[in-house]
Each structure stands twice: as C-alpha cells, then as structure tokens.
Amino acid sequence: MFNLTGKVALITGGSRGLGRADALALAKAGADVVITDILLESDVDEEALKSSAVGQALRKEGIVYAEQTAEEISRSGGRAAAYRMDVTDEEEVARVVDRVIDSFGRIDILVNNAAMLDHVATIENQSEVLWERDLRINLTGAYNCTRAVWPQMKEQRWGRIINMASVAGTMGGFGQASYSTTKAGIIGLTKSLALEGARYGITSNAIVPGIIATEAWKSGNPKMNERMIARTAFRRPGEPVDIAHAVVFLASPEANYITGIELYVSGGIELFTF
Ligand SMILES: NC(=O)c1ccc[n+]([C@@H]2O[C@H](COP(=O)([O-])OP(=O)(O)OC[C@H]3O[C@@H](n4cnc5c(N)ncnc54)[C@H](O)[C@@H]3O)[C@@H](O)[C@H]2O)c1
C-alpha cells in the first residue's frame, strides 16, 4: 500500500513544519521529492531578510532547512533536491517546474503548502499590506503553482494536487479575516480543479488541518493556543506527521477515485463540544 516509487513530488513552503514532514513521508513512500521554499539555507541574505515583511516573520519564527531535509532524504537512499521558489513569482515558479521536469523527468504530485499564518487582527485592525500578502502567497501562490504543473500532469494523464486548507477556512477564525479567506478560497480552487482534472487523471483534494504543533503554530499567542487545544476533542495538537500521512494517502494510487474532498485531520476541533 501507498507505494510512490517512480513518482515525483513538488512541495511548496517545504523547508520546515508541515511541508518538511510531507517531504520526508513522501520520500519514505518512495517518491522523488523536490522541496521548495522562499528561502534556502545557503542563500539567506541578511539584508533581504531585514527589508522584507516575510523575511522578518520567518526570522522571528525560526530557521529554514530545505537543503538539510533534501540531504537527509538523499542520505537514506532517496532522491531529493531543494530549490528556491517564491510561489508569488510566476516566472520563478515556471523556471523551477521546468528544472524539475528536466532533472526528474516528470511531476506527479504538487503539495500547495506555502502560506503565511501570522496575520492575526480584528477586522478594524487588519493590515491592508498583510491582507494583500496573504491573498498573494496563500491563494494566488497555489493557483500559480497549479497552473505551472498542470500541462505536464495533463500530458502524463496522471496527477495529484494536494492543497493545504485549514479549519480557519471552513469555520472562520476570530482575528483571521485574511488567513481564513485564503483558506476558504483554497477549498473552492480544489473543487474546481477536481472537476477540470478528472478527464486527465488528475485528482485535486484539500487537507483541512486543525491545530498542528509546528514551529509556526508554537510561535503563536500561548493563551490563544491553549484555547484552541481546549476545544479540540483530543485535547492536544496534532503532529506534522499526522498531516504527512494524509498527504501520502491522497498522493497514492489507492486514492485514485477520491477527488474534490476536504479531508479533516483535525483531532475533532470542528465537532460540537461544551
Ligand atoms: N500548523 C497548523 O496548525 C496549521 C493548521 C491549519 C493549516 N495549516 C497550513 O499548513 C501549511 C503549513 O503550515 P506550517 O504550520 O508548517 O507553517 P510554516 O510557517 O512552518 O510553513 C509555511 C512555509 O511557507 C513558506 N513560505 C512563506 N511564504 C512563501 C512564499 N512566498 N513562497 C514560498 N514559500 C513561502 C515559509 O517559508 C514556510 O517554510 C500552511 O498552508 C498552513 O496554512 C497549518
């Protein structure tokens, strides 16, 4: 079951957190893995970091380790690469997709994982700049990457689009107007792609994580985090590997007849409780 040998996966925002866990799990299942992120360890430019809002947020939340993850996979006998790719930069996305096809021969699995999660403010206090940033990265980014891989998947008559949504997108989130809007949008995109991809053997599904203990989540407001856990049926956050297992399943031939779904991996945070 879940043998991905011969498949090539491209993961966005894969240097840490859920993206890194997805990369490791896909590689373990036999896939060749290309980890992409806005920053790689070897090209961290301190000046660029200081002058960009994304850079500052990343610096605050911790380091990136895309190249390290690729090396880890290669050391354990898999095939992996790490490429710099900003999902908002259409030209860079096209260049990376061409490079993957040149080096790996195909692209079978796209995990649209890149996102910014740090814009938390009530509607009066939402920042216009961060609203636009979130739409551009979290939503348009997934659109850009999908459009870039689509012709190849169509030609192969096989493809898997796996989009990272969130319970914030299905339930809303207090103080999360921009983030929840992008995550609701991802679900609409997922379903439209499912309809359009079916004739080409391309499936498109969304994973709806609840609270998952990544670096990004841990760097959030501790009081808010406690409240989120308190309303989760399991009373604990999930682990990145819980999401990664769902990614491997949706990517696998066993999930051939599954498309357009929202797969909750949420510990029951959306269930009625009191
Ligand atoms: N952790 C959770 O509790 C949780 C819950 C629901 C949904 N999610 C979703 O899961 C995904 C991963 O979340 P995470 O907790 O691992 O967060 P994270 O911040 O660790 O990962 C996001 C990655 O995206 C990258 N990124 C940011 N802007 C980019 C850009 N323009 N181009 C390319 N990459 C860019 C970041 O560098 C980072 O590596 C996100 O889509 C998030 O919305 C997470």
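For the structure, see preceding data.
Below you will find a few notes about this structure.

Some words on the site of the ligand
The environment of the ligand is made up of 28 residues, and the closest members are Arg16, Asp37, Asn113, Tyr179 and Thr214. Taking Val87, its main chain carries an N or O atom lying 3.0 Å from a nitrogen atom of the ligand. Backbone polar atom of Ile212 to an oxygen atom of the ligand: 2.9 Å apart, as the coordinates give it. For the ligand, the protein covers 98% of the area, taking 820 Å² as the surface of the free molecule. Secondary structure elements with two or more residues in the shell around the ligand: helix H1 (17–28) and helix H8 (177–197). A breakdown of the residues in the shell around the ligand according to their chemical character gives 17 nonpolar, 7 polar and 4 charged.

A word on helix H4 (residues 66–75)
Every buried residue of H4 is accounted for by Ala66, Thr69, Ala70 and Ile73. Summarising the axial view, the buried residues of H4 lie within an arc of 100 degrees, below the 170-degree limit, and thus occupy one face. Check the buried side of H4 and you find it contacts H1, strand E2 (32–37) and strand E3 (80–84). The first or second residue beyond H4 is Gly77, which carries a positive phi of 95 degrees.

Brief notes about the pairing of strand E1 (residues 8–11)
Side chains of E1 alternate between two faces, with Val8 and Leu10 and Ala9 and Ile11 buried alike. Where E1 and E2 come together, 4 bridges link them in parallel fashion. Bridge pairing in E2 places Val8 opposite Asp32. Handedness of the E1-H1-E2 crossover: right-handed. Across 3 bridges, the pairing between E1 and strand E4 (residues 109–112) is parallel. Across the sheet, residue Ala9 finds its bridge partner in E4, namely Ile109.

Focus on the side chain of Asp86
Looking at the secondary structure, you find Asp86 in the loop between E3 and helix H5 (90–104). Of the side chains with opposite charge, Arg84 comes closest to the buried, unpaired Asp86, at an N-O distance of 4.7 Å. A polar side-chain atom of Asp86 sits 2.8 Å from a polar atom in the side chain of Thr88. Look past the residues within four positions of Asp86 in its chain and what remains in contact with it is Ile38, Glu92 and Val93.

Procedures and definitions
- Residues numbered from 1 in each chain as written.
- Predicted model: local features only at pLDDT ≥ 70, side-chain atom pairs only at ≥ 80, totals over all residues.
- Heavy atoms only, no water.
- Near = heavy atom within 4 Å.
- Polar contact = N/O pair within 3.5 Å; in protein donor to acceptor, adjacent residues only side chain to side chain.
- Areas by Shrake-Rupley, 256 points an atom, 1.4 Å probe, with all protein chains shown as cover.
- Helix = DSSP H or I, 4+ residues; strand = E, 2+ residues; numbered from the N terminus.
- Nonpolar A, V, L, I, M, F, W, Y, C, P; charged D, E, K, R; others polar.
- Buried < 20%, exposed > 50% of the residue type's maximum accessible area, 1.4 Å probe, protein only.
- Arc of directions from axis to C-beta.
- Contact = heavy atoms within 4.5 Å.
- Pairing = 2+ DSSP bridges.
- Right-handed = clockwise from strand over helix to strand, strands pointing away.
- Lys, Arg positive; Asp, Glu negative; His and termini not counted.
- Salt bridge = Lys/Arg side-chain N within 4 Å of Asp/Glu carboxyl O.

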